There are 2 protein chains.
Amino acid sequence: MSRPVQAVIICIGDELLSGNTLDTNSHYIANELRGIGIETKQIYTISDEAEIIEKTLKESLSLADIIISTGGLGPTKDDKTLEAYSRFFNRKLVFNDEVFAQLKIFLEKRGRAEILDLNRNQAMVLEGAEVLKNEHGTAPCQLIDDNDKLIFCLPGVPFEVKPLIKEKIIPLLKSRFGLHSILTAVVSVVGIPESALSHKIEDWETHLPKSLSLSYLPVGNRIKLRITAKGSTEIELQKQLKIEIQKLKSLLGTSIISEANDRIQDIVKDLLISRKMTISTAESCTGGAISKLLTSVSGSSAYFAGGVCTYSPEMKAKILGVAPSIIEKHTVVSAEVSQAMAKGCQQLFGTDISVSTTGVAGPNTDQYNNSIGLVYYSVRIGEKESTHKLFLPHLEREDFINFVSEKVLQTVVEEVLKS
Amino acid sequence: MSRPVQAVIICIGDELLSGNTLDTNSHYIANELRGIGIETKQIYTISDEAEIIEKTLKESLSLADIIISTGGLGPTKDDKTLEAYSRFFNRKLVFNDEVFAQLKIFLEKRGRAEILDLNRNQAMVLEGAEVLKNEHGTAPCQLIDDNDKLIFCLPGVPFEVKPLIKEKIIPLLKSRFGLHSILTAVVSVVGIPESALSHKIEDWETHLPKSLSLSYLPVGNRIKLRITAKGSTEIELQKQLKIEIQKLKSLLGTSIISEANDRIQDIVKDLLISRKMTISTAESCTGGAISKLLTSVSGSSAYFAGGVCTYSPEMKAKILGVAPSIIEKHTVVSAEVSQAMAKGCQQLFGTDISVSTTGVAGPNTDQYNNSIGLVYYSVRIGEKESTHKLFLPHLEREDFINFVSEKVLQTVVEEVLKS
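Remember, it's a predicted structure, so these values are computed and weren't measured experimentally.

A short note on the domain arrangement of chain A
Residue and element names in this part refer to chain A.
So, step 1. What the domain assignment lists for chain A is domain 1 (6–177), domain 2 (181–258) and domain 3 (264–418).
So, step 2. Placing a centre on the C-alpha atoms of domain 2 and another on those of domain 3 gives a separation of 31 Å.
So, step 3. Each side of the interface is counted separately: domain 2 has eight residues, and domain 3 has nine residues.
So, step 4. Where domain 2 abuts domain 3, roughly 670 Å² becomes buried across the two surfaces, and 60% of that area is made up of carbon and sulfur atoms.
So, step 5. At the junction of domain 2 with domain 3, the criterion picks out zero salt bridges.
So, step 6. Our count for the contact surface shared by domain 2 and domain 3 stands at zero residue pairs in polar contact (both at pLDDT 80 or more).
So, step 7. Considered class by class, the residues forming the side of domain 2 that touches domain 3 number three nonpolar, four polar and one charged.

Brief notes about the sheet that holds strand E11 (residues 222–229) of chain B
All names here are of chain B.
So, step 1. Read across the sheet, four strands follow the order E10-E11-E9-E12 without closing on themselves; strand pairing throughout is antiparallel. Pairing within the sheet leaves two strands with one partner each, and these edge strands are strand E10 (212–219) and strand E12 (256–258). The mean angle between the axes of side-by-side strands here comes to 30°, regardless of whether they run parallel or antiparallel.
So, step 2. Pairing geometry for strand E9 (residues 183–190) and E12, over two bridges, is antiparallel. Following the sheet pairing, serine 188 is matched in E12 by serine 258.

Some thoughts on the pairing of E11(B)
All names here are of chain B.
So, step 1. Within E11, eight of the eight residues are buried, which leaves the element mostly enclosed by the surrounding structure.
So, step 2. Judged by which residues are buried, E11 turns out to be covered on both faces: Arg222, Lys224, Arg226 and Thr228 on one side and Ile223, Leu225, Ile227 and Ala229 on the other are all buried.
So, step 3. Pairing analysis gives eight bridges linking E9 to E11, with the strands arranged antiparallel. Pairing of leucine 183 across the sheet is with alanine 229, part of E11.

Things to note about the relation of the copies chain B and chain A
For the pair of chain copies, the relating operation is a rotation around an axis with a shift along it.
So, step 1. With an RMSD of 0.0 Å, chain B superimposes on chain A once it is rotated by 180° and translated 0.0 Å along the axis. Here the symmetry operator amounts to a two-fold rotation axis.
So, step 2. The share of interface residues of chain B whose copies in chain A are also at the interface is 100%, consistent with both copies meeting through the same surface.

Digging into the nonpolar core
So, step 1. One finds A:Ile10, A:Leu57, A:Tyr85, A:Ile151, B:Ile10 and B:Tyr85 to be the most contacted residues of the largest nonpolar core, which totals 60 residues.
So, step 2. Ranked by size, the runner-up nonpolar core spans 40 residues in total, among them A:Val333, A:Phe349, B:Ala340 and B:Tyr376.

Quick notes on the environment of B:Leu82
Residues and elements named next belong to chain B.
So, step 1. Secondary-structure assignment places leucine 82 in helix H4 (residues 81–88).
So, step 2. Between the C-alpha atom of leucine 82 and that of valine 186, which follows or precedes it by 104 residues, the distance is 40 Å.
So, step 3. Discounting residues that sit within four places of it in the chain, leucine 82 has contacts with Leu73, Leu93, Met124, Leu126, Gln142 and Cys153.

Quick look at empty space enclosed by the protein
So, step 1. Considering all chains together, one arrives at four cavities of 30 Å³ or more under this definition.
So, step 2. The calculated volume of the largest cavity comes to roughly 190 Å³.
So, step 3. Along its surface, the largest cavity is lined by 16 residues, and A:Asp23, A:Ser26, A:Thr45, B:Asp23 and B:Ser26 are the ones closest to its centre.
So, step 4. Taken together, the elements giving at least two residues each to the lining of the largest cavity come down to helix H2 (25–34) and strand E2 (39–46) of chain A together with helix H2 (25–34) and strand E2 (39–46) of chain B.

Considerations on the sheet that holds strand E10 (residues 212–219) of chain A
Residue and element names in this part refer to chain A.
So, step 1. Reading across from one edge, E10-E11-E9-E12 is the order of the four strands in this open sheet, with antiparallel pairing throughout. Of all strands in the sheet, those bounded by a partner on one side alone are E10 and strand E12 (256–258). On average, adjacent strands in this sheet sit at an angle of 30° to one another, irrespective of strand direction.
So, step 2. Running over the sheet, helix H11 (residues 264–274) touches strand E9 (183–190), strand E11 (222–229) and E12 and is turned about 80° from E12.

Digging into the side chain of A:Ser280
Residues and elements named next belong to chain A.
So, step 1. Mapped onto the secondary structure, serine 280 falls in strand E13 (residues 279–283).
So, step 2. Residue classification places serine 280 among the buried residues on the basis of a relative accessible area of 0%.
So, step 3. At 2.8 Å, the side chain of serine 280 and the side chain of threonine 351 are in polar contact.

Some remarks on the interface of chain B and chain A
So, step 1. Every contact between the two is made by 87 residues of chain B and, on the other side, 87 residues of chain A.
So, step 2. Between chain B and chain A, a total of about 7000 Å² is buried, with carbon and sulfur atoms accounting for 53% of that surface.
So, step 3. Area buried by chain B at its contact with chain A is led by B:Asn20, B:Lys292 and B:Tyr311, which between them contribute 8% of it.
So, step 4. Where chain B touches chain A, the interface holds four salt bridges.
So, step 5. Across the pair B:Arg263 and A:Glu398 runs a salt bridge whose closest N-O atoms are separated by 3.0 Å.
So, step 6. Along the contact surface separating chain B from chain A lie 36 residue pairs in polar contact (both at pLDDT 80 or more).
So, step 7. Classifying every residue of the side of chain B that touches chain A gives 31 nonpolar, 33 polar and 23 charged.
So, step 8. For strand E14 (residues 304–310) of chain A and strand E14 (residues 304–310) of chain B, the ladder comprises five bridges, and the chain directions are antiparallel. Across the sheet, A:Gly307 pairs through a bridge with B:Cys309, a residue of E14(B).

Some remarks on the packing of aromatic side chains
Residue and element names in this part refer to chain A.
So, step 1. Scanning all chains against the criterion turns up nine aromatic pairs over all chains.
So, step 2. Aromatic pair tyrosine 85 and phenylalanine 89: ring centres 5.7 Å apart, planes at 40°, arrangement tilted. Of the two residues, tyrosine 85 and phenylalanine 89, both sit in the buried class.
So, step 3. Ring centres of phenylalanine 95 and phenylalanine 100 lie 5.2 Å apart, and the angle between their planes is 50°; this geometry places the pair in the tilted category.
So, step 4. When its relative accessible area of 14% is taken as the criterion, phenylalanine 100 is described as buried.
So, step 5. Ring pairs connect the aromatic residues Tyr85, Phe88 and Phe89, which therefore count as one cluster.
So, step 6. The positively charged end of arginine 120 is found above the aromatic ring belonging to phenylalanine 100, 5.0 Å away from the centroid.

Looking at the environment of B:Gly373
Residues and elements named next belong to chain B.
So, step 1. Along the polypeptide, glycine 373 turns up in the loop between strand E15 (353–359) and strand E16 (374–381).
So, step 2. In the structure, glycine 373 is positioned 291 residues away from leucine 82 in sequence and 49 Å away in space, judged by C-alpha atoms.
So, step 3. Apart from residues lying up to four places away in sequence, glycine 373 is in contact with Val360, Leu390, Phe391, Leu392, Pro393 and Phe400.

Topic: the packing of helix H3 (residues 50–63) of chain A against helix H4 (residues 81–88) of chain A
All names here are of chain A.
So, step 1. Between H3 and H4, whose axes approach to 9 Å, the crossing angle comes to 55°. The angle between H3 and H4 places the two elements in the oblique class. In this structure, H3 crosses over H4, and the sense of that crossing is right-handed. Residues Ala50, Ile53, Glu54, Leu57, Lys58 and Leu61 of H3 pack against Thr81, Glu83, Ala84, Tyr85, Arg87 and Phe88 of H4.
So, step 2. The class makeup of the residues in the contact of H3 with H4 is seven nonpolar, one polar and four charged.

Observations regarding the environment of A:Glu383
So, step 1. Along the chain, A:Glu383 turns up in the loop between strand E16 (374–381) and strand E17 (384–391).
So, step 2. Considered as a pair, A:Glu383 and A:Lys343 are 40 residues apart in the sequence and their alpha carbons are 9.1 Å apart.

Quick look at the confidence of the model for chain A
Where the model shows low pLDDT, its predicted coordinates should not be examined in detail.
So, step 1. Of the residues in chain A, 97% have a pLDDT of 70 or more, and the chain-wide mean is 91.
So, step 2. For this predicted complex, the interface score ipTM comes out at 0.81, alongside a pTM of 0.81.

Description of the pattern of salt bridges
Residue and element names in this part refer to chain A.
So, step 1. This structure, assessed with the given rule, holds 24 salt bridges over all chains.
So, step 2. Measuring nitrogen to oxygen at the nearest pair gives 3.4 Å for the salt bridge that ties glutamate 135 to lysine 168. Placement of the pair is glutamate 135 in the loop between strand E6 (130–132) and strand E7 (141–146) and lysine 168 in helix H7 (residues 158–177), with a sequence separation of 33 residues.
So, step 3. With relative accessibility at 43%, the residue glutamate 135 sits in the partly exposed group.

Rules used throughout
Residues numbered from 1 in each chain as written. Chains lettered and ligands numbered in written order. Predicted model: local features only at pLDDT ≥ 70, side-chain atom pairs only at ≥ 80, totals over all residues. Heavy atoms only, no water. Domains from an automatic or database assignment. Contact = heavy atoms within 4.5 Å. Buried area = accessible area lost by both parts, 1.4 Å probe. Salt bridge = Lys/Arg side-chain N within 4 Å of Asp/Glu carboxyl O. Polar contact = N/O pair within 3.5 Å; in protein donor to acceptor, adjacent residues only side chain to side chain. Nonpolar A, V, L, I, M, F, W, Y, C, P; charged D, E, K, R; others polar. Pairing = 2+ DSSP bridges. Helix = DSSP H or I, 4+ residues; strand = E, 2+ residues; numbered from the N terminus. Axes fitted to C-alpha atoms, helices over the stretch in contact; angles between N-to-C directions. Buried < 20%, exposed > 50% of the residue type's maximum accessible area, 1.4 Å probe, protein only. Least-squares fit on C-alpha atoms with pLDDT ≥ 70 in both. Core = buried A, V, L, I, M, F, W, Y, C linked by side-chain atoms within 4.5 Å. 1 Å grid on protein atoms, 1.4 Å probe; cavity = no way out; pocket = protein on both sides within 12 Å on 5 of 7 lines; lining within 4 Å. Points joined across faces, edges and corners; volume = space filled by probe spheres on them. Phe/Tyr/Trp six-rings, centres within 6.5 Å; stacked < 30°, edge-to-face > 60°. Lys NZ or Arg CZ within 6 Å of the ring centre and 35° of its normal. Parallel < 35°, antiparallel > 145°, perpendicular 65-115°, else oblique. Left-handed = near helix turned anticlockwise from the far one by under 90°. pLDDT = per-residue confidence, 0-100.

Written out as structure tokens, the structure is:
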């Protein structure tokens, strides 16, 4: 096939347009599609109105080979997706005994023996549609094959969408279109601004083989260079990727902190496992976010011993052994307290590495009148320790917490590489 | 104005379609717009191609009064937004000295005295466009007034988008369209499935005054009923809201766990502050996520003393005083260990309430061969304690962690209300 298979994703739901619910489905679906070489051309986020759903189906069919819609299959009146599908594809909605039987089992398992009339709606299936069973909810996925275009109609709940995509739709698409997984490599660069980096690797980029393509993805202080390989045989692509990453390394040297993984928590995992090192966390202003980031990775128990979140000065003293006199002299948001927290944490957990944070996440200042957005953090490796100061008054509370957490782990990577 | 002011949001960027970057801008913008009564009709997520940007601008102008686009204003070659705007609106791009001067100051402050040619592009402004200064990045926001439609062209970095929206665009729209903030109330219901709830309040819903509208938002085990009030004077709306919530309370009784706030962590905050209670956390399988959730709320230091994440059995013993014999007898994922963790945590932090979690987040099982998705959690209030078991094998690791964390806080609310 000369051009890649293309898809459009349609997210249906008033709650997505009101700013109440953050759509994470399209991100997940697009990523899974990319993994088998399917390109997402566009994502529509639209309201639960039958007319708009029909109009969007029409536009989408003109753009892509595959359409995946999520949402609007609930049992209540405000869900209009099937009604719109029925009218647009001119297919009747037929009561499906098998779907209803599954629905009944599903509800009974959850202690809901009486099946309400409302739920009967969820057993209506478009004439001629293939039913893909939803193991985790009441509305199944329906697949329509219309003039060689595939249209998947899914529910909207993320934990129902994910297994349907991963276990049913991706394998079906792979076999239907004869697709193979495509290769990507992510090279993480720190310490060079995007424009300077672009300048530095311009010549390399221009001379990339045609089967490789490059994109820039800035995340915090790190720029991720993603190289995507597709078009020829897998072994050939792997060779090409390797050669080009070697060239990049000679251009950028130690600015590259990882040449394989994407997320900073995965980079930390690879690094700590390969060096047989352990880590622990002592958090104040990040409130457990670093610990959460580390443990979001499967297998993190191999290197993460644990963490404490000492939100009050008293607990910094009691659990981490930070001397009250240090807090009194320097205030709780200080390099000295950060250092003492890291030291106490390392002792408590007996780890090779410990990190600590203390700062003011805002929007209110602390009892010592420290500036909002001020933070100190320390990274301790063995007997060596480095303490860093950041000032991020422009970030909202949650962005501040996430930014600092990423930054701390990035510093861990840099310091471990130096050590 | 008889119909609400309407907006379309356009998110521009290949990285959004490749599934690499999760778009959070549109969610933030839609929510801010809703707060002043502007309805988001549609969200387009499109690639960095000039032609597609132009096509989407055309469609959007036919749908709405206001268009807000984000992304594609970077200094590199793959950013095409301004080129597309220039062609579509037939306006030249003119080098703007003032923008360049600000850009220079911005880069110098960050220690980048040499201004690269690439960055000069970011000082190009559409002829006749109003410039809204971006305090936190290099590309300003440009505003075009075209036949009484307002088109805002923003950069894509979330921490640049947020202040532009909040501090500049929302006030501008409020004054331009004479808008007022609208009122919403969120009533949180637990213990009733969506279809049964819908059945129970059907009559009430049908008789709602025209100025009020209702939507259902299931989150975990909780269903949020959002009542939006608009159309008449604010005092009148407040009165109507109050009356309708009273009616709901008589219909649903103790199934309502909150009638004001939206997020579970905010509900916890209100409850604990009003009852002058404090809380601490002892986490294993949630890895700090509950602590992160609690501290994501400004002012949480008033009731959150701190938390520990004891990822290894040794640390459960050392820090929380869980007897190794209990772990040996019942394995680490057990009601007994959960109880001992909560008790140890309450003693360590000296709080009124403590919570604990122990389970297997997967995708790999633990050393005791406990099932993936199994979790025990305890909520201890004073001397009373309740322990709960969940089995969630269908959730992916991060969804599992987030679900359990929400659920634990929900149980805290339920138990505190009972106590």
